[in-house]
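# Close look at the chain arrangement
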Amino acid sequence: TRDRNGIEEILLRNPRGASTRVSLYGGQVLSWRTDQGEELLFTSSKAIFKPPNPVRGGIPICFPQFGNRGALEQHGFARKKLWVVDGNPPPLHPNDSYGKSFVDLLLKPSEDDLKMWPHSFEFRLRVAITAEGNLAMVSRIRNINCKPFSFSIAYHTYLSISDINEVRVEGLETLDYLDNLLRRERFTEQGDTLTFESEVDRVYLSSSDVISVFDHQSKRTFQIRKKGLPDVVVWNPWEKKAKAMADLGDEEYKQMLCVDGAAIEKPITLKPGEEWTGRLELSLIPSS
Ligand code: TA6
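Procedures and definitions
- Residues numbered from 1 in each chain as written.
- Predicted model: local features only at pLDDT ≥ 70, side-chain atom pairs only at ≥ 80, totals over all residues.
- Heavy atoms only, no water.
- UniProt positions renumbered as here; feature names shortened; annotations may be inferred.
- Pairing = 2+ DSSP bridges.
- Helix = DSSP H or I, 4+ residues; strand = E, 2+ residues; numbered from the N terminus.
- Axes fitted to C-alpha atoms, helices over the stretch in contact; angles between N-to-C directions.
- Near = heavy atom within 4 Å.
- Polar contact = N/O pair within 3.5 Å; in protein donor to acceptor, adjacent residues only side chain to side chain.
- Areas by Shrake-Rupley, 256 points an atom, 1.4 Å probe, with all protein chains shown as cover.
- Nonpolar A, V, L, I, M, F, W, Y, C, P; charged D, E, K, R; others polar.
- Salt bridge = Lys/Arg side-chain N within 4 Å of Asp/Glu carboxyl O.
- Buried < 20%, exposed > 50% of the residue type's maximum accessible area, 1.4 Å probe, protein only.
- Contact = heavy atoms within 4.5 Å.

Labelled according to an unreviewed UniProt entry, the chain appears under the name glucose-6-phosphate 1-epimerase, originating from Linum tenue. As stated in UniProt under Sequence similarities (unreviewed entry), the record for the chain gives "Belongs to the glucose-6-phosphate 1-epimerase family." Looking at the Catalytic activity (unreviewed entry) heading of the UniProt record, one finds this comment for the chain: "alpha-D-glucose 6-phosphate = beta-D-glucose 6-phosphate".

Written out as structure tokens, the structure reads:
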């Protein structure tokens, strides 16, 4: 582990050298590197690593609310809280073991959080780097109190790409989506692949569990596999929005694309004692 601004970061490495780094601040994955040490996630050169700012990059966890419609601040509070390492988590499902290189983090609401969102929960996050070098994240959210609650969630995944003009996303064709740029109106994706020529801010609904992102220049193909996360957020701020964001370089929108496994359209409701599990696994498909 190491400290950045007094916040603990944990480095996970697999036998071949692939690695991921997780911060206790926000339970946020900050880095995912190949065996050769290439960084696969984007972090803004102007990211602010100082609470209570969210860190612009890696994989912030948007919980218990995605977006800015609802009682809470944009994307909820989980990404701004200090999580703790849980040395003795309840056993996970056998196919969630993900090998030996993992860390279990735990977030429980503080008194202040309960004032904002009066629901007692335990959010257990396992982050692992698998033997194959994949980045795996398993979220388990349990309702601890005496009344049901609902939440939306997204793994806000900033993929590092060479050039947004030469990226295409597959797995979203024919889906309906809510367009955040058009008052969240519902449309249907007409294209047989998604490419980018301007700002995109959409929530694709009920997608398949595998999404592929082809980065033409680097010949990299990211594969996003998810379980329990029916929706996919696709976001690129493009030039105008990027210039207006203090924690993003003016030209850096060209090197990032958010493709987030999420549950947004139909928030998840948990009865007391009930637990929800959401899984995300990112892999790099060797260039064909
Ligand atoms: O990705 C969807 C979105 O809600 C965008 O509208 C944009 O606001 C982005 O998330 C980043 O949000 P943030 O609060 O991290 O600046």
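### Structural notes on the sheet that holds strand 4 (residues 29-33)
Reading across the sheet, the four strands line up as 1-2-3-4 and stay open at both edges, with antiparallel pairing between neighbours. For this open sheet the edge positions go to strand 1 (2-4) and strand 4, each flanked by a neighbour on one side alone. Here the average twist between neighbouring strands, direction ignored, is 25°.

### Points about the sheet that holds strand 12 (residues 167-170)
Strand order in this open sheet of eight strands is 6-7-8-9-20-17-16-12, and the pairing throughout is antiparallel. One side of each edge strand has no neighbouring strand; the edge strands of this open sheet are strand 6 (84-85) and strand 12. Across nine bridges, strand 8 (residues 121-129) lies against strand 9 (residues 135-143) in antiparallel orientation. Within the sheet, the bridge partner assigned to R124 lies in strand 9 and is R140.

### Quick look at the site of the ligand
Inspection of the region around the ligand gives R56, F66, Q74, H75, R79, H156, N180, D201, V233 and W235 as its neighbouring residues. Interatomic distance of 3.0 Å between a side-chain N/O atom of Q74 and an oxygen atom of the ligand. Within the contact set of the ligand, an oxygen atom lies 2.5 Å away from a side-chain nitrogen or oxygen of D201. Considered on its own, the ligand offers 380 Å² of accessible surface; in the complex 83% of this is hidden by protein. A breakdown of the residues in the shell around the ligand according to their chemical character gives three nonpolar, four polar and three charged.

### Considerations on the pattern of salt bridges
Scanning all chains against the criterion turns up 26 salt bridges. For R220, the salt bridge goes to E38, with nearest N and O atoms at 3.0 Å. Of this pair, R220 sits in strand 17 (residues 220-227) while E38 is found in the loop between strand 4 and strand 5 (61-62), placing the two residues 182 residues apart along the sequence. Its relative accessible area of 38% is what places E38 among the partly exposed residues. The residue D104 makes a salt bridge to R126 at a minimum N-O spacing of 2.8 Å. Placement of D104 in strand 7 (residues 102-107) and of R126 in strand 8 is noted, with a sequence separation of 22 residues between them.

### Comments concerning the UniProt feature "binding site: substrate" (unreviewed entry) in the chain
UniProt feature "binding site: substrate" (unreviewed entry): in the numbering of this structure it lies at R56, Q74 and R79. Considering the C-alpha atoms alone, the annotated residues occupy 24 residues of sequence yet fold into one spot, their largest mutual distance being 13.7 Å. Inspection of the secondary structure assignment puts R56 in the loop between strand 4 and strand 5. For R56, a relative accessible area of 18% translates into the label buried. In terms of polar contacts, R56 uses its side chain to reach the side chain of Y158, at 2.8 Å. Within the fold, Q74 resides in the loop between strand 5 and strand 6. Q74 gets classed as partly exposed once you look at its relative accessible area, which sits at 39%.

### Considering the side chain of S19
You can see S19 is positioned in strand 3 (residues 19-23). Here S19 falls in the buried class, since its relative accessible area comes to 6%. Apart from residues lying up to four places away in sequence, S19 is in contact with L11, L12, R13, S31, W32, R33 and I129.

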